[in-house]
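Remarks on the overall topology
Spelled out, the chains give:
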Amino acid sequence: MASLFANVLKVHQWVYEHSGGVVGHRALFGNPTLLLRTVGRKTGQARTSALTYGRDGADYLVTASNGGSPRPPGWLANVKAEPECEIQVGRRKLAVIARATLPDDPDYARRWAIVDKANKGRYSAYQKMTKRPIAVVVLTPVS
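Residues numbered from 1 in each chain as written. Predicted model: local features only at pLDDT ≥ 70, side-chain atom pairs only at ≥ 80, totals over all residues. Heavy atoms only, no water.

1. A short note on the nonpolar core
- In this structure, Leu34, Leu36, Tyr60, Val62, Trp75, Ile87 and Leu139 are the most contacted members of the largest nonpolar core, which totals 19 residues.
- Core analysis: the second largest hydrophobic core is formed by nine residues, Leu61, Val115, Ile134 and Val136 among them. (Core = buried A, V, L, I, M, F, W, Y, C linked by side-chain atoms within 4.5 Å. Buried < 20%, exposed > 50% of the residue type's maximum accessible area, 1.4 Å probe, protein only.)

2. Brief notes about unusual backbone geometry
- For Asn66, which is not glycine, the phi dihedral falls at a positive 50°.
- Within the secondary structure layout, Asn66 lies in the loop between β4 (59-63) and α2 (74-81).
- The phi angle at Lys120 is positive, at roughly 55°, despite the residue not being glycine. (Helix = DSSP H or I, 4+ residues; strand = E, 2+ residues; numbered from the N terminus.)

3. Here we look at the packing of helix α3 (residues 108-118) against helix α4 (residues 122-129)
- Where α3 meets α4, the axes come as close as 7 Å, and the angle between the chain directions of the two elements is 110°. Our classification of the angle between α3 and α4 gives roughly perpendicular. On α4, the residues touching Trp112, Val115 and Asp116 of α3 are Arg122, Tyr123, Ser124 and Gln127.
- Classifying every residue of the contact of α3 with α4 gives three nonpolar, two polar and two charged. (Axes fitted to C-alpha atoms, helices over the stretch in contact; angles between N-to-C directions. Parallel < 35°, antiparallel > 145°, perpendicular 65-115°, else oblique. Contact = heavy atoms within 4.5 Å. Nonpolar A, V, L, I, M, F, W, Y, C, P; charged D, E, K, R; others polar.)

4. Comments concerning the packing of aromatic side chains
- This structure, assessed with the given rule, holds four aromatic pairs.
- Taken together, a centroid distance of 6.0 Å and an interplanar angle of 65° make the contact between Tyr123 and Tyr126 edge-to-face. Within this pair, Tyr123 and its partner Tyr126 are both found in helix α4, separated by three residues, close to a single helical turn.
- Given a relative accessible area of 5%, Tyr123 falls into the buried group.
- Tyr126 sits in the buried class, given a relative accessible area of 18%. (Phe/Tyr/Trp six-rings, centres within 6.5 Å; stacked < 30°, edge-to-face > 60°.)

5. Regarding α2
- Taken together, the buried positions of α2 are Trp75, Leu76, Asn78 and Val79. Buried residues of α2, seen end-on, are gathered within an arc of 160° and therefore sit on one face of the element. Those residues of α2 that are exposed and angled more than 90 degrees off the buried face are Lys80 and Ala81.
- Against β1 (33-39), β2 (46-52), β4, β5 (84-89), β6 (92-101) and β7 (136-141) lie the buried residues of α2. (Arc of directions from axis to C-beta.)

6. What about the sheet that holds β7?
- Taken in spatial order, the seven strands of this open sheet run β2-β1-β5-β6-β7-β4-β3, and their pairing is antiparallel. The two strands at the open ends of the sheet, each matched to only one other strand, are β2 and β3 (54-56). Here the strands of the sheet are splayed against their neighbours by 35° on average, with no regard to which way each runs.
- Two elements, β3 and β4, share three bridges in a ladder whose sense is antiparallel. Bridged to Asp56 within β4 is Asp59.
- Taken strand by strand, α2 contacts β1, β2, β4, β5, β6 and β7, and its axis lies near 60° from that of β1.
- Relative to the sheet, α3 contacts β2, β3, β4, β6 and β7, its axis offset from that of β3 by approximately 145°. (Pairing = 2+ DSSP bridges.)

Here it is, written out as C-alpha cells:
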C-alpha cells in the first residue's frame, strides 16, 4: 500500500511539473501543494519535491514528515545546507529562504497546527509513527 501511495505522489508531482502548474496545486486529495526546488547538497543537482503547505502570513509552511519515517526527507538536509531555494505555487514561482523549526521554537506549535490542518490531521498521525520531532520548515519569500 505504501508503494502505491508513493507512486501516486510521483505521478502527481510529474503532472504538476509538466503542466507548468496548471494542474497539481490542489489535485492530490484537495490539499494545497507546492513544488519545492532545492539543490542537492552532495550532488549539486536540482531537486524538486511536491509538498502540502499551509500559510502563515506571507510565509509558506511545509513539514519534513517523510510519511512518519524515522529518517527525515532528503530535501530537509538540502535546505539546511542551502536555504535559498524556489517554490512554485500553481503557476507562480517564488524565491524563498527556508528555515527549519522544531518544538523548541516558540512559534512551532502554532505553525504545526496550521500545516496539520491543511493536511487534514495526517501530520499528527505521522508524528505518532516516529520518535524524531518533525520539523516545520518556514519558506519566506524574498522581496
